[in-house]
Amino acid sequence: MRFTKDHEWVALEGDIATIGITAYAAEQLGDVVFVEVPEVGKVVAAGDSLAVVESVKAASDVYAPIAGEVVEANAALSDEPETVNAVPEQGGWFARLKIADPAQVEALMDRHAYEQYLSTL
Amino acid sequence: MRYLPLTPADRTEMLGAIGAGSIDDLFVDVPPAARREGFVDLPLVAGELEVEREMSAMAARNRTAGSGPFFCGAGAYRHQVPASVDHLIQRSEFLTSYTPYQPEIAQGTLQVLFEFQTQVAALTGMDVANASMYDGSTACAEAVMMAQRVTRRTRAVLSGGLHPHYVRTTETLAHVAGVETVRLSAAVDAEADVIAAIDANTACVVVQTPNVFGTATDVTKIAAAAQAAGALLIVVTTEAISFGLLKSPGEMGADIVVAEGQSIGNGLNFGGPYVGLFACKEKFVRQMPGRLCGETVDAEGRRGFVLTLSTREQHIRRDKATSNICTNSGLCALAFSIHMSLLGEVGLRRLAALNHQRARELHKALAKVAGVEILTPRYFNEFAVRLPKNAAAVLETLAGNGVIAGVPFSRLDHGAGMDDVLLVCATETTLPEDIAIFAHSLERVIHA
Amino acid sequence: MSMNSVGRPTRPEASNDVKPATLTGARGLLQDEALIFEMEGWDKTGVDLPDAPAADDLGDLVRSEPIGLPGLSEPEVVRHYVRLSQKNHAIDLALYPLGSCTMKHNPRLNEKMARLPGFSDIHPLQPQSTVQGALELMDKLAHWLKTLTGMPAVALSPKAGAHGELCGLLAIRAAHEAAGNGERKTVLVPTSAHGTNPATAAFVGYSVVEIAQTDDGRVDLADMEAKLGPNVAAIMVTNPNTCGLFERDVIEIARLAHDAGAYFYCDGANFNAIVGRVRPGDLGVDAMHINLHKTFSTPHGGGGPGAGPVVLSEALAPFAPAPWVVHTEEGGFHLLEHEVAEASQAFGRMCAFHGQMGMYVRAYAYMRSHGADGLRQVAEDAVLNANYIKARLSDLMSPAFPDGPCMHEALFDDSWLEGTGITTLDFAKAMIDEGFHPMTMYFPLVVHGAMLIEPTETESKQELDRFVEALRLLAQAAKAGDAERFKGAPFHAPMRRLDETLAARKPRLRWRPVAAAPLAAE
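Since we're looking at a predicted model, the values are computed, not measured.

Chemist: Would you mind going over the overall build of chain B with me for this structure?
Modeler: Check the secondary structure of chain B and you find 14 helices and 13 strands. Each principal axis of the C-alpha distribution contributes one length, and for chain B these read about 80 × 55 × 50 Å. Of the roughly 13,500 Å² of accessible surface on chain B, 52% is carried by carbon and sulfur atoms. Taking the average place of the 38 positive charges on the side chains of chain B and the average place of its 47 negative ones, the gap between the two points comes to 5 Å.

Structural data, given as structure tokens:
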């Protein structure tokens, strides 16, 4: 698993990257009430908004950590947005991207570096 | 000054507690060049007697709708609001409370909004309604914006029967939002042109029924045509009492319904404050503008109500909000809801039937005046007539004779070439003698 | 003695503190009130109307389905709404310290004047000769607004503050377009701005760039200057700002914006702090909306209606939306409606008809009652009251900007709560138990755990002291570790804390005839 400074995580299997938000982000957000997942087929560049996650008091963009094409979106989240709070780094994933360049993922922070980053906040 | 409780002694003591020498010390950040000593063009403090005297004199220079035969409609309607409505809305806890952001101490307001939303959804025949908008015209404009968000298309077809003020308000907003508005020609039966105007880039068609000429239309076919093309049908109603007699827009297939709620609970007030009704299908609820009240439970498991789905609104989404609405029309929505509770189904249906009957009596009387042509075939409580003379001029003469005879269409849209068309309305407040006087006076003016 | 048998106890017996729960759920004067849809009133009506014949001329346009609306007799309706009203807090009950909302007393003379039939029973489209008094009132209100702000023109029609912001930005956009400056596509907004500012700018098609704030809570001039340029259409600044502070450099802010070819939009929500003492026109403002329901006392009504007329500079005046009230040669008044649209550069129309006449009448009664001297006193007392509260709480709570006076509102952050485990939200909810509506919380966003207190000028010193005492006691309790009092608060309000998560996850926005299972917290 790799992490970004915007609190997204990426898990790579072959050329499919699964993306979600970290436990830290989910906790900061509070109870998640709604998730807007991307449409399958959407092409995103690194830094583009991939999804929107809403709590009662806030709406946050989830950014694509790397470029790719959406091949799957987690539709279950529309009925059970609380999954994001319960298991943010497993069942609470937002979308799967088919990516061109796996090296981009390697270049992101690993868990140790992310945790160090968190301690500076 | 009667509204200012602080005494000179209070002020001195408080300045002492603050550690300031004078009140000017607290305004130290104001640039000296901007400090003003007084205003020569404005009067000084005045007691109630003086204020009342001046304002009563101004009010007396207006001719009230109730002072004689009166036949204006065209978007605002004179109805009898029961006396208890106005008393209830003046209760301190309703009049002087704020937006219900602290739900534990605002359940009065919140429960009213929940009931209001239910009443509006029932009247319009839709799944869900919001807690009110400023008025019907801004609700219409917001509905077009919503259709753009939902369909991601940028063309809106506005029927020629839509109230010209609503057209103009919608155009103003659409222009900046990049939505192209296509306004069809004004005509008594304008709805016949709508289907042909729908294309693959149409986000919505906006159809008013009863329209500004009074024409009541079954929009079922328009709904089907719009939806087949991937567009939304927005139905507009300016006379909310018509919901008591006519088939609801929801029943006819509308996607969004907007209406002016003024007729219920709220007086004419020279154009405002009014109350916009906004209702739509369930699947569009997250794209709705305006406030929404929802049901929930409290920490002890008791049912309560809160404002919800707030993430659509400006204070959270900021530059991604669904609209920039901050206020709804709370007290006017309360008045609407109280009046609706008093009427109930039985009373509303009866009231609507009465309005229609009065309009038919007016029709009958005016049809007998030589030279007058009734243009609207099927109407609720208002219709259009063609006069053999300029309608605005006839109106002015009739006003001089004590009859406020309606609204000349040229007042709303003078470029439509309908300077001889007069819009007339009758409600339950219209007396048979008013109608007789109107017909009689009209005859004299036309054939003078 | 002659006996009578009407003796009974007239002193309460000593109480033993045990309060049995009531048998029905009612609590003394406070009743649990069902929805009207849950009452047995489907075939009743509280309005006596004569019967009318069925409409036989409308064919299948006539509704055949029932609407689904209950009706009740007048006594039942009155009871329903009176019971509901008792669950609301209101200005008429206590100091309502909502920052930026200006919760001042709503004078009842305003209500009386608004209900004069000459103002309330007139139709917006009656012949203008029959409503000269109404047009005169609009003209007089316009005169007061222009004079108080030092601006030459005013657009009266916007129906609320946010609607006014929209109007102001539309005028600015129209002015740029007319001058051929269509490439100006950005608006600068301070980080402390109210959410309506960037929302409105985005809506009008502008991209929003934030201006930084200095450590003393003001617009960072250097940052602003760096961000101004040929692509900036306008700056939107609130003054006094949302931190309750007067922007000392406002004249310089205006000059910088104008030199860069941008307009200065001022959010007038905080006008109550300076009315009668400072004219925004003198500060270089080009457009400013005025919330009549804030500074000019029209009632908040549980969420509206409001009114947001916009004063405009000479440069923007030609673009004001229809309608315009003008003077006629005969000394009367005329409303320019569609004539405005053709013969001028008006950008369009904000709404049908002429605006919030009912609010104009109320605001005028208020202005006329106070007079220029009274309004000046309003600003002074508003500022005095806020500074008094700040001074009396600063030892226990942490003012966000302790140096120098505040204006009409005092801003605190939550650093004083550190280590207590109690949040701004908890503190606010505990205020409810002490009889006060909470202050504005978590706004402005630039201050952590913000608490923004605006008492207004219509509070007596006694009420201010009562408020300060309650907050001092609560602050002391928080610091002493009395977390129980805060975490579960409120305990004494008609309702406990409500589950907003549930409301947002499973939206139930109306009553439904078939009884669904009651919502249960997950």
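Don't stop here, the text continues.
Chemist: How should the nonpolar core be read in this particular structure?
Modeler: Side chains of a nonpolar character, in soluble globular proteins, are inclined to be buried together. Core analysis: the largest hydrophobic core is formed by 119 residues, its most contacted members being Met55 of chain B together with Leu145, Leu292, Phe296 and Phe427 of chain C. At 19 residues, the largest contribution of residues to this core is made by helix H10 (residues 357-393) of chain C. Ignoring anything within four residues of it in the chain, the contact list for Phe296 of chain C reads Leu145, Leu148, Phe271, Val275, Ile290, Asn291, Ala363, Tyr366, Met367 and Leu375 of chain C. Core analysis: the second largest hydrophobic core is formed by 93 residues, Leu158 and Val179 of chain B together with Ala201 and Ala352 of chain C among them.

Chemist: Would you mind going over the sheet that holds strand E13 (residues 451-453) of chain C with me for this structure?
Modeler: In a beta sheet, neighbouring strands pair by backbone hydrogen bonds and run either parallel or antiparallel. Residue and element names in this part refer to chain C. Read across the sheet, four strands follow the order E10-E11-E13-E12 without closing on themselves; strand pairing throughout is antiparallel. Each edge of the sheet is formed by a strand with only one pairing partner; in this case those strands are strand E10 (398-399) and strand E12 (440-441). In the sheet, E12 pairs with E13 via two bridges, with the strands oriented antiparallel. Of the residues in E13, the one forming a bridge with Thr440 is Leu452. In this fold H10 packs onto E10, strand E11 (410-413) and E13, with an angle of close to 30° to the strand it touches most, E11.

Chemist: Honestly, the packing of helix H5 (residues 161-178) of chain C against helix H6 (residues 196-203) of chain C in this entry has me stumped. Any pointers?
Modeler: For any two helices packed against each other, the geometry is given by the interaxial angle and the distance between the axes. Residues and elements named next belong to chain C. Viewed as axis vectors pointing N to C, H5 and H6 meet at an angle of 45°, and their least axial separation amounts to 10 Å. In terms of their interaxial angle, H5 and H6 are classed as oblique. The way H5 lies across H6 gives a crossing that is right-handed. Residues Ala162, Glu165, Leu166 and Leu169 of H5 form the contact with H6, whose own contacting residues are Thr196, Asn197, Thr200, Ala201 and Phe203. Taken together, the residues of the contact of H5 with H6 sort by class into five nonpolar, three polar and one charged.

Chemist: Just checking my understanding: could you explain H5 of chain C for this structure?
Modeler: Counting along an α-helix, one turn takes 3.6 residues, and residues three or four places apart therefore face a common direction. With 18 residues, H5 of chain C should reach 26 Å at 1.5 Å per residue; the first-to-last C-alpha distance of 26 Å fits that figure. Just downstream of H5 of chain C, Gly180 of chain C is the residue with a positive phi angle, here 80°.

Chemist: What is the right way to read the pattern of salt bridges from this model?
Modeler: Pairing between side chains of opposite charge can happen when the charged atoms of each approach one another. Inspection of every chain in the model, using the stated rule, returns 63 salt bridges over all chains. Between Arg91 of chain B and Glu93 of chain B there is a salt bridge whose closest N-O contact spans 3.8 Å. According to the relative accessible area criterion, Arg91 of chain B is partly exposed, its value standing at 25%. With a relative accessible area of 15%, Glu93 of chain B lands in the buried category. Because the salt bridges share partners, they merge into one network encompassing Glu50, Glu54 and Arg61 of chain B together with Glu136, Lys140 and Arg368 of chain C.

Chemist: Can you help me understand the domain arrangement of chain B in this one?
Modeler: Accessible area lost during the coming together of the parts is what is often quoted as the interface size. Residues and elements named next belong to chain B. Domain assignment breaks chain B into domain 1 (65-80 + 344-446) and domain 2 (83-340). Here domain 1 and domain 2 have C-alpha centroids that lie 27 Å from each other. Residue-level contacts link 32 residues of domain 1 with 28 residues of domain 2. Of the roughly 2,400 Å² buried between domain 1 and domain 2, counting both surfaces, carbon and sulfur atoms make up 67%. With its nearest N and O atoms 2.8 Å apart, the salt bridge here joins Arg183 to Asp413. Where domain 1 touches domain 2, the interface holds 11 residue pairs in polar contact (both at pLDDT 80 or more). Secondary-structure elements contributing two or more residues to the side of domain 1 that touches domain 2 are helix H11 (330-367), strand E11 (382-386) and helix H13 (409-412). By residue number, the principal contributor to the side of domain 1 that touches domain 2 is H11, which donates seven residues.

Chemist: Quick question: what am I supposed to make of empty space enclosed by the protein here?
Modeler: It is the rolling of a water-molecule-sized probe over the atoms that shows where space remains empty. All names here are of chain B. A full pass over the atoms with the stated rule returns nine cavities of 30 Å³ or more. Volume-wise, the largest cavity comes out at about 80 Å³. Lining the largest cavity are 13 residues, with Thr209, Leu246, Lys247, Pro249 and Met252 positioned closest to its centre.

Chemist: It is not clear to me how the environment of Asn16 of chain C should be interpreted in this structure. Could you clarify?
Modeler: Residue and element names in this part refer to chain C. Assignment of secondary structure puts Asn16 in the segment before helix H1 (74-85). Overall, the relative accessible area of 60% leaves Asn16 in the exposed class. Through-space distance from the C-alpha of Asn16 to that of Lys227 is 69 Å; in sequence the pair is 211 residues apart.

Chemist: Help me understand the side chain of Asn355 of chain B, please; the structure alone is not making it clear to me.
Modeler: In this fold, Asn355 of chain B is placed in helix H11. Asn355 of chain B has contacts with His79, Ile241, Phe380, Asn381, Ala426, Thr427 and Glu428 of chain B, leaving out every residue within four places of it along the chain.

Chemist: I would appreciate a short explanation of a nonpolar patch on the surface in the present structure.
Modeler: All names here are of chain B. Judged by side-chain polarity, Met1, Leu44 and Val45 come together as a nonpolar surface patch covering roughly 250 Å² of accessible area. Tracing the chain through its elements places Leu44 in the loop between helix H2 (23-26) and helix H3 (48-60). You can call Leu44 exposed: its relative accessible area is 51%.

Chemist: Looking at this structure, how should I read the packing of aromatic side chains?
Modeler: Aromatic ring pairs are reported here in terms of the distance separating the ring centres and the angle at which the planes meet. Considering all chains together, one arrives at 16 aromatic pairs over all chains under this definition. Ring centres of Tyr379 of chain B and Phe383 of chain B lie 4.9 Å apart, and the angle between their planes is 40°; on these two criteria the pair is classed as tilted. Here Phe383 of chain B falls in the buried class, since its relative accessible area comes to 1%. Centre to centre, the rings of Phe271 of chain C and Phe296 of chain C are 6.5 Å apart; their planes meet at 55°, and the pair counts as tilted. Taken as a pair, Phe271 of chain C in the loop between strand E5 (263-267) and strand E6 (287-289) and Phe296 of chain C in the loop between E6 and strand E7 (310-312) lie far apart in primary sequence, 25 residues in all. With a relative accessible area of 1%, Phe271 of chain C lands in the buried category. In this structure an aromatic cluster arises from ring pairing among Phe3, Tyr114 and Tyr117 of chain A. It is Lys5 of chain A that lies over the ring of Tyr117 of chain A; its NZ or CZ is 5.8 Å from the centre. The ring centre of Trp93 of chain A lies 4.0 Å from the NZ or CZ of Arg96 of chain A, which sits over that ring.

Chemist: Just to check I follow, could you spell out the interface of chain C and chain A for this structure?
Modeler: Taken together, the six residues of chain C in the interface contact nine residues of chain A. Summing both partners gives a buried area of about 550 Å² for chain C against chain A, and 46% of it is carried by carbon and sulfur. Of all residues in chain C, Glu500, Thr501 and Arg505 of chain C give up the largest surface area on contact with chain A, accounting jointly for 74% of the area buried on that side. Linking chain C with chain A are one salt bridge. Across the pair Arg505 of chain C and Glu82 of chain A runs a salt bridge, and its minimum N-O distance is 3.7 Å. Tallied by class, the residues present in the side of chain C that touches chain A amount to one nonpolar, one polar and four charged.

Chemist: How should the sheet that holds strand E6 (residues 49-55) of chain A be read in this particular structure?
Modeler: All names here are of chain A. Taken in spatial order, the three strands line up as E4-E6-E7 in an open sheet, and their pairing is antiparallel. Strands with a single pairing partner mark the edges of an open sheet, and in this sheet they are strand E4 (32-36) and strand E7 (59-63). The average undirected angle you get between the axes of adjacent strands in this sheet is 25°. Bridging between E4 and E6 involves four bridges; their strand directions are antiparallel. Paired with Glu36 across the two strands is Val52, which belongs to E6.

Each value, and the rule that gives it
Residues numbered from 1 in each chain as written. Chains lettered and ligands numbered in written order. Predicted model: local features only at pLDDT ≥ 70, side-chain atom pairs only at ≥ 80, totals over all residues. Heavy atoms only, no water. Helix = DSSP H or I, 4+ residues; strand = E, 2+ residues; numbered from the N terminus. Areas by Shrake-Rupley, 256 points an atom, 1.4 Å probe, with all protein chains shown as cover. Lys, Arg positive; Asp, Glu negative; His and termini not counted. Charge placed at Lys NZ, Arg CZ, Asp CG, Glu CD. Core = buried A, V, L, I, M, F, W, Y, C linked by side-chain atoms within 4.5 Å. Buried < 20%, exposed > 50% of the residue type's maximum accessible area, 1.4 Å probe, protein only. Contact = heavy atoms within 4.5 Å. Pairing = 2+ DSSP bridges. Axes fitted to C-alpha atoms, helices over the stretch in contact; angles between N-to-C directions. Parallel < 35°, antiparallel > 145°, perpendicular 65-115°, else oblique. Left-handed = near helix turned anticlockwise from the far one by under 90°. Nonpolar A, V, L, I, M, F, W, Y, C, P; charged D, E, K, R; others polar. Expected span 1.5 Å × (residues − 1). Salt bridge = Lys/Arg side-chain N within 4 Å of Asp/Glu carboxyl O. Domains from an automatic or database assignment. Buried area = accessible area lost by both parts, 1.4 Å probe. Polar contact = N/O pair within 3.5 Å; in protein donor to acceptor, adjacent residues only side chain to side chain. 1 Å grid on protein atoms, 1.4 Å probe; cavity = no way out; pocket = protein on both sides within 12 Å on 5 of 7 lines; lining within 4 Å. Points joined across faces, edges and corners; volume = space filled by probe spheres on them. Patch = residues over 30% accessible without salt bridge, like charges linked within 9 Å, V, L, I, M, F, W, Y side chains within 5 Å. Phe/Tyr/Trp six-rings, centres within 6.5 Å; stacked < 30°, edge-to-face > 60°. Lys NZ or Arg CZ within 6 Å of the ring centre and 35° of its normal.

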